Amino acid sequence: MPRGQAGGRDAKSGETAQKKGALGGRGFLVGMASCCSYLAEQSHRLEATAVTVTVLGGQSLAISTFRKLDGMCWEIRQRYLPAQAHGRFLLKGRGYGSKVDVVVGETDHSTYAILYYQKGQNISVKLYGRTSQVSDAIVDKFKQRVRAVGLSEDVTYYFPPYGFCDSADEFHILDGTYVRDRHVTPPTPALAPLPTCGAVMSSYACGPPRLPA
């Protein structure tokens, strides 16, 4: 193989790793569009939600989501496995049919990221920010992405920009779909990442639209 081709491939690989690395760090869930019935029912009491992303070997992402429930801070841990295409990940839950496709739809790697989550024919869209509040221009980008997959403002929810928590004790950690302490029963569906639709890590939504290519 000519050296020029190898160098180009190495450069592209390095650029991909750099972009995935830019996803790492602390962020905040700003908004979410989904036809999840739980979100509709609990929209008046959504809790501030923070995330910490760590890029692991093989470019998988370790996600820790922090939010309060009944005054207690919970941590939900998940692993996004890299898919073959750039900017795409696979989130595997427990049990049959719990696979969720995750796509980074748009990001500037420093201010915001818009992610799609699809399970079967159901899709949801999330807006994350490096700060708990983002500019109107970024919110407009989010709204455009929401409309593009057939969702509307009626099923778009925005999370409080205050009241975050950033740590949980060992009795309030969910690792995937299991609580680390088997004697603790987590409240559901508010915290269950998969397959139940919750306000934190919901992967369910409505309608037949597909993820963007």
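One structure accompanies this document, and this report is about it. Given the structure is predicted, the values throughout are model-derived calculations rather than measurements.

### Let's talk about the state of the cysteines
Stage number 1. Under the definition given, this model contains 1 disulfide.
Stage number 2. Put simply, Cys 73 and Cys 165 are joined by a disulfide, and their sulfur atoms are 2.1 Å apart. Disulfide Cys 73 to Cys 165: torsion about the S-S bond roughly 75°, handedness right-handed. One end of the pair, Cys 73, is in strand β4 (residues 72–82); the other, Cys 165, is in the loop between β9 (156–158) and β10 (173–175), with 92 residues separating them in the sequence. Like Cys 165, Cys 73 is buried.

### Comments concerning the pairing of strand β5 (residues 88–92)
Across a regular strand the side chains alternate sides, sitting on one face of the sheet and then on the other.
Stage number 1. Pairing of β4 with β5 involves 3 bridges; the strand directions are antiparallel. Paired with Tyr 80 across the two strands is Leu 91, which belongs to β5.

### Concerning the packing of aromatic side chains
Stage number 1. Going through the model one piece at a time under the given rule, you end up with 4 aromatic pairs.
Stage number 2. Measuring from centroid to centroid gives 6.4 Å for Tyr 80 and Phe 89, while their planes differ by 50°, and the two rings are tilted. Residue Tyr 80 shares its accessibility class with Phe 89, and that shared class is buried.
Stage number 3. Note on Phe 142 and Tyr 158: the rings are 6.2 Å apart at their centroids and 75° apart in plane angle, and the pair reads as edge-to-face. You can see Phe 142 sitting in helix α3 (residues 136–148) and its partner Tyr 158 sitting in strand β9, a full 16 residues away along the chain.
Stage number 4. Overall, the relative accessible area of 0% leaves Phe 142 in the buried class.
Stage number 5. Note on Tyr 158: relative accessible area 38%, which makes it partly exposed.
Stage number 6. Ring pairing ties together the aromatic residues Tyr 80, Phe 89 and Tyr 117, which thus form one cluster.
Stage number 7. A cation over an aromatic ring shows up here: Lys 126 above the ring of Tyr 117, its NZ or CZ 4.5 Å from the ring centre.

### A word on empty space enclosed by the protein
Stage number 1. All chains considered together, the criterion is met by 1 cavity of 30 Å³ or more.
Stage number 2. Roughly 330 Å³ of internal volume is contained in the largest cavity.
Stage number 3. Looking at the lining of the largest cavity, the elements that each hand over two or more residues are β1 (25–33), β2 (49–55), β3 (61–69), β6 (99–107), β7 (112–119) and β8 (122–129).
Stage number 4. The element that contributes the greatest number of residues to the lining of the largest cavity is β7, accounting for 4 residues.
Stage number 5. When the residues that make up the lining of the largest cavity are grouped by side-chain class, the tally is 16 nonpolar, 8 polar and 2 charged.

### Examining the pattern of salt bridges
Stage number 1. Counting across every chain of the model gives 3 salt bridges.
Stage number 2. A salt bridge links Arg 77 to Glu 75; the shortest N-O distance between them is 2.8 Å.
Stage number 3. The partly exposed category is assigned to Arg 77, whose relative accessible area is 28%.
Stage number 4. A salt bridge links Lys 141 to Glu 106; the nearest nitrogen and oxygen atoms lie 3.4 Å apart. Residue Lys 141 is located in helix α3, and its partner Glu 106 is located in strand β6; the two are separated by 35 residues in the primary sequence.

### Let's talk about α3
Stage number 1. In a regular helix each residue adds 1.5 Å, so 13 residues correspond to 18 Å; α3 covers 18 Å between its end C-alpha atoms and thus fits that length.
Stage number 2. Among the residues of α3, those classed as buried are Ile 138, Val 139, Phe 142 and Val 146. End-on, the buried residues of α3 take up no more than an arc of 100°, which puts them together on one face. In this structure, α3 carries Asp 136 and Ala 148 as exposed residues pointing more than 90 degrees from its buried face.
Stage number 3. Residues of α3 that are buried in the fold lie against β1, β7, β8 and β9.
Stage number 4. At the exit of α3 stands Gly 150, carrying a positive phi of roughly 90°.

The rules we used
Residues numbered from 1 in each chain as written. Predicted model: local features only at pLDDT ≥ 70, side-chain atom pairs only at ≥ 80, totals over all residues. Heavy atoms only, no water. Disulfide = S-S within 2.5 Å. Helix = DSSP H or I, 4+ residues; strand = E, 2+ residues; numbered from the N terminus. Buried < 20%, exposed > 50% of the residue type's maximum accessible area, 1.4 Å probe, protein only. Pairing = 2+ DSSP bridges. Phe/Tyr/Trp six-rings, centres within 6.5 Å; stacked < 30°, edge-to-face > 60°. Lys NZ or Arg CZ within 6 Å of the ring centre and 35° of its normal. 1 Å grid on protein atoms, 1.4 Å probe; cavity = no way out; pocket = protein on both sides within 12 Å on 5 of 7 lines; lining within 4 Å. Points joined across faces, edges and corners; volume = space filled by probe spheres on them. Nonpolar A, V, L, I, M, F, W, Y, C, P; charged D, E, K, R; others polar. Salt bridge = Lys/Arg side-chain N within 4 Å of Asp/Glu carboxyl O. Expected span 1.5 Å × (residues − 1). Arc of directions from axis to C-beta. Contact = heavy atoms within 4.5 Å.

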